[in-house]
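# Examination of the molecular architecture
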Amino acid sequence: GGSNIGEALREKGVNCNVVDVDLRYNSKSPLTSVSVLLDTKSFLNPLMKTFNLKGEAWGRQFVQADGRHLPFRDQAFDHVLALWSTYQIPKDAKEKVYAELMRVGNVLHIAPIFKIDFEILQRLVNEQNYEIVVCHRQKDELRFSSPSDYEDYVNLHDESERIQTPLAEDAKVIGFQKIIAAGGRGGSTIILRRKS
């Protein structure tokens, strides 16, 4: 998308290296490419492409990849954010995409998710050695500023308080533009972490 979370995090004093992943690069998107450099030495993969972009997205790192087969090593990322994107995943690909996110990340923040996503993620947490830290409806704001905050949250809140099933069965997507109906009403934010 058009946001630059890496820049926002750096402004808040968070030292980070952000990599954006998209299935396809769209030359008509607001993120117009001025040059493409193939980075074959990157730990990420020879498929890594760095797009130098105009405007607020200048300097962002993009990887063109299918979420079912991410070109990253296991546990390559401390945090994986899948925000306002997972509703676009076809139903038959959801399990594979979520398994891949778990494979490459250690802490996952995903939103919005719906009952269909929640059921898949519940199955995968045991297979992938993960746990659900929290699953709350989007109205609830959660802030974690250090790895110990996840542990503190788990220790201070009963599981039934931390983990609530999303209200809606699935995202309702309307129109050819794939706009999520009602801003994800009935969806939840879920945070997962790898068990140590």
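It should be emphasised that the depicted structure is a prediction, and the values quoted were computed from it without experimental measurement.

### Topic: the overall build of the protein
Of the regular secondary structure elements, the protein holds 5 helices and 10 strands. Evaluated residue by residue, the protein yields a buried proportion of 41% over its 196 residues. Of the contacts made within the protein by residues no fewer than 6 positions apart, 69% connect residues no fewer than 24 positions apart. Element-wise, carbon and sulfur atoms account for 50% of the exposed surface of the protein, whose accessible area totals about 11600 Å².

### As for the side chain of Thr86
Relative to the helices and strands, Thr86 resides in the loop between β5 (77-83) and α2 (94-104). For Thr86, the residues in contact, after removing those within four places along its chain, are Lys94, Tyr98, Ile110 and Pro112.

### Regarding the nonpolar core
Counting 31 residues, the largest nonpolar core has Tyr98, Leu101, Ile110, Ile190 and Leu192 as its most contacted members. Listing elements by their share of this core, those giving two or more residues are β5, α2, β6 (105-113), α3 (115-127), β7 (130-137) and β10 (188-194). Ranked by residue count, the leading element in this core is α2, at 6 residues. Beyond its immediate chain neighbours, meaning those up to four positions away, Leu101 contacts Leu70, Val80, Ala82, Leu108, Ile110 and Tyr130.

### Points about the pattern of salt bridges
Considering all chains together, one arrives at 9 salt bridges under this definition. Among the ionic pairs, Asp170 bridges to Lys91, the shortest N-O distance being 3.5 Å. Here Asp170 is found in the loop between α5 (159-162) and β8 (173-174), whereas its partner Lys91 is found in the loop between β5 and α2, with 79 residues between them in sequence. Between Arg193 and Glu131 there is a salt bridge, with its nearest N and O atoms 2.6 Å apart. Placement of the pair is Arg193 in strand β10 and Glu131 in strand β7, with a sequence separation of 62 residues. What emerges from the salt-bridge pattern is a single network uniting Asp74, Glu100 and Arg103.

### Observations concerning the environment of Arg60
When you line up the elements, Arg60 lands in the loop between β3 (48-53) and β4 (61-64). C-alpha of Arg60 to C-alpha of Asn4: the two residues are 56 residues apart in sequence and 7.6 Å apart in space.

### Quick word on the sheet that holds β10
If you trace the 4 strands from one edge of the open sheet to the other, you get β5-β6-β10-β7, paired in mixed fashion. Each end of this open sheet is capped by a strand with a single partner; those strands are β5 and β7. Ignoring which end each strand starts from, the neighbouring axes of this sheet average 10° apart. Sitting on the sheet, α2 is in contact with β5, β6, β7 and β10, with an inclination near 145° to β6.

### A few points about the pairing of β7
The element β7 is largely enclosed, with a buried count of 6 among its 8 residues. Across 7 bridges, the pairing between β7 and β10 is antiparallel. Its bridge partner lying in β10, Ile132 is registered against Leu192.

### Digging into unusual backbone geometry
A cis amide bond links Ala111 with the next residue in sequence, Pro112, at an omega value of -10°. The residue Pro112 is located in strand β6 in this model. At Gln75, a position not held by glycine, the phi torsion is positive, near 55°. A positive phi is found at Trp84, a non-glycine position, where the angle reads about 55°. Mapping Trp84 onto the fold places it in the loop between β5 and α2.

Rules of the game
Residues numbered from 1 in each chain as written. Predicted model: local features only at pLDDT ≥ 70, side-chain atom pairs only at ≥ 80, totals over all residues. Heavy atoms only, no water. Helix = DSSP H or I, 4+ residues; strand = E, 2+ residues; numbered from the N terminus. Buried < 20%, exposed > 50% of the residue type's maximum accessible area, 1.4 Å probe, protein only. Contact = heavy atoms within 4.5 Å. Areas by Shrake-Rupley, 256 points an atom, 1.4 Å probe, with all protein chains shown as cover. Core = buried A, V, L, I, M, F, W, Y, C linked by side-chain atoms within 4.5 Å. Salt bridge = Lys/Arg side-chain N within 4 Å of Asp/Glu carboxyl O. Pairing = 2+ DSSP bridges. Axes fitted to C-alpha atoms, helices over the stretch in contact; angles between N-to-C directions.

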